[in-house]
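Chains, contacts and geometry: an overview
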Amino acid sequence: MGLEDKLPSGVLLSTVEGLAGYMRKSSVWPATFGLACCAIEMMALGSAPQHDISRFGMERFSASPRQADLMIVAGRVSQKMAPVLRQIYDQMTAPKWVIAMGACSSSGGMFNNYAIVQGVDHIVPVDIYLPGCPPRPEQLMDAIIKLHEQISDTKLGANREAVIKAVEEAAMKAKPTIQLGNIPQEGAFA
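Summary of the structure given here. (Residues numbered from 1 in each chain as written. Predicted model: local features only at pLDDT ≥ 70, side-chain atom pairs only at ≥ 80, totals over all residues. Heavy atoms only, no water.)

1. Re the packing of helix 2 (residues 16-25) against helix 6 (residues 137-152)
Applicable threshold: Only C-alpha atoms enter the line fits that serve as axes; for helices the fit covers just the stretch in contact. Angles between N-to-C directions range over 0 to 180 degrees. Working definition: helices are DSSP H or I runs of at least four residues, strands are E runs of at least two. Numbering for both runs from the N terminus. Working definition: roughly parallel below 35 degrees, roughly antiparallel above 145 degrees, roughly perpendicular at 65 to 115 degrees, and oblique for all remaining angles. For a crossing to be left-handed, the near helix must be turned anticlockwise from the far one by less than a right angle; the clockwise case is right-handed. In this description, contact between two residues means that some pair of their heavy atoms is separated by no more than 4.5 Å. Charged means Asp, Glu, Lys or Arg here, nonpolar means Ala, Val, Leu, Ile, Met, Phe, Trp, Tyr, Cys or Pro, and polar covers whatever is left, Gly included.
It is at 8 Å that the axes of helix 2 and helix 6 come closest, and there the two elements cross at 150°. When the axes of helix 2 and helix 6 are compared, the pair comes out roughly antiparallel. In the crossing of helix 2 with helix 6, the sense of the turn from one axis to the other is right-handed. Between helix 2, through Gly 21, Arg 24 and Lys 25, and helix 6, the contact on the second element is made entirely by His 148, Ile 151 and Ser 152. Its residues assigned to classes, the contact of helix 2 with helix 6 shows one nonpolar, three polar and two charged.

2. Concerning a nonpolar patch on the surface
Keep this limit in mind: Like charges within 9 Å and nonpolar side chains (Val, Leu, Ile, Met, Phe, Trp, Tyr) within 5 Å are joined into patches, using only residues over 30% in relative accessible area that form no salt bridge. Each accessible area is a Shrake-Rupley estimate made with a 1.4 Å probe; only the visible protein chains count as cover when residues are assessed. Salt bridge, as used here, is a side-chain nitrogen of Lys or Arg placed within 4 Å of a carboxyl oxygen of Asp or Glu. Residue burial is assigned from relative accessible area. The probe radius is 1.4 Å, only protein chains are included, and a residue is buried under 20% of its type maximum, exposed over 50%, and partly exposed in between.
Residues Leu 19, Tyr 22 and Met 23 make up a contiguous nonpolar surface patch of roughly 340 Å² in combined accessible area. Here Leu 19 lies in helix 2. For Leu 19, a relative accessible area of 41% corresponds to the partly exposed category.

3. Here we look at unusual backbone geometry
Following Ala 94, the chain continues to Pro 95 via a peptide bond in cis, the omega torsion being -5°. By secondary structure assignment, the location of Pro 95 is in the loop between helix 4 (82-91) and strand 3 (97-101). Omega for the bond connecting Cys 133 with Pro 134 falls within 30 degrees of zero, at -20°, which places this linkage in the cis form. Note on placement: Pro 134 falls in the loop between strand 4 (128-130) and helix 6.

4. Here's the deal with the sheet that holds strand 3
What counts, and what does not: Here, a strand pair is defined by DSSP locating no fewer than two bridges between the strands.
What the four strands build is an open sheet, ordered 1-2-3-4; its pairing is parallel. Two strands lie at the open edges of the sheet, namely strand 1 (30-34) and strand 4, each paired on one side alone. Going across the sheet, the axis of each strand differs from the next one's by a mean of 15°, ignoring polarity. In this fold helix 6 packs onto strand 2 (70-74), strand 3 and strand 4, with an angle of close to 170° to the strand it touches most, strand 4.

5. Observations concerning the packing of helix 3 (residues 38-47) against helix 6
Viewed as axis vectors pointing N to C, helix 3 and helix 6 meet at an angle of 70°, and their least axial separation amounts to 9 Å. In terms of orientation, helix 3 and helix 6 fall into the roughly perpendicular class. Along the contact surface, helix 3 presents Glu 41, Met 42, Ala 44 and Leu 45, while helix 6 presents Pro 137, Leu 140, Met 141 and Ile 144.

6. Here we look at the environment of Ser 106
Note the following rule: Whenever a nitrogen or oxygen atom comes within 3.5 Å of another N or O atom, the pair is scored as a polar contact, on the condition that within protein one atom can donate a hydrogen and the other can accept it, and that pairs from neighbouring residues in sequence are kept only if both atoms are in side chains.
Tracing the chain through its elements places Ser 106 in helix 5 (residues 103-107). Note: C-alpha distance between Ser 106 and Ile 128 (22 residues apart in sequence) is 9.4 Å. In contact with Ser 106, not counting residues within four places along its chain, are Ala 100, Gly 119, Val 120, Tyr 129 and Leu 130. A polar side-chain atom of Ser 106 sits 2.9 Å from the main-chain carbonyl oxygen of Gly 102.

Limitation: the analysis is restricted to geometry and does not speak to function.
Structure follows, in structure tokens:
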């Protein structure tokens, strides 16, 4: 016997954060950033009738970063492409989210050399890591659903921008993957 029982039918009670989260998760427009074979699977998600992403409000893949709020980095990122990726990320509207699609964008994949960035999280903050080589469209759909859960739980307020800035600074200060473990540096492939 709460307030809900005394209200007439058709009246909904919620919080501003709940409504904002619902509206944000229902209107995510992805920016396409396909760099390698994972991009084929990303295109399959957007164009195949069996993967209907328009029910999530995502039927419009944006070629303009100023009209997108989700970047799907699909494939390996070279050192020359890293500044371009960061520039596109900076041009996106806030709030913005990033999915690292595939092993190459998540950790450099099989390309452990000087030309490939060992994880896109050294360039932009990543919200969802999607494993696989290449991941199936169903896996990308699952990652988008998990991202929607994160978006709907996002808090509003004055401290939000400080949290985003701290996350981005931590991503930029992260050690390269090659420096983290016991990876032999010399003569490993001799």
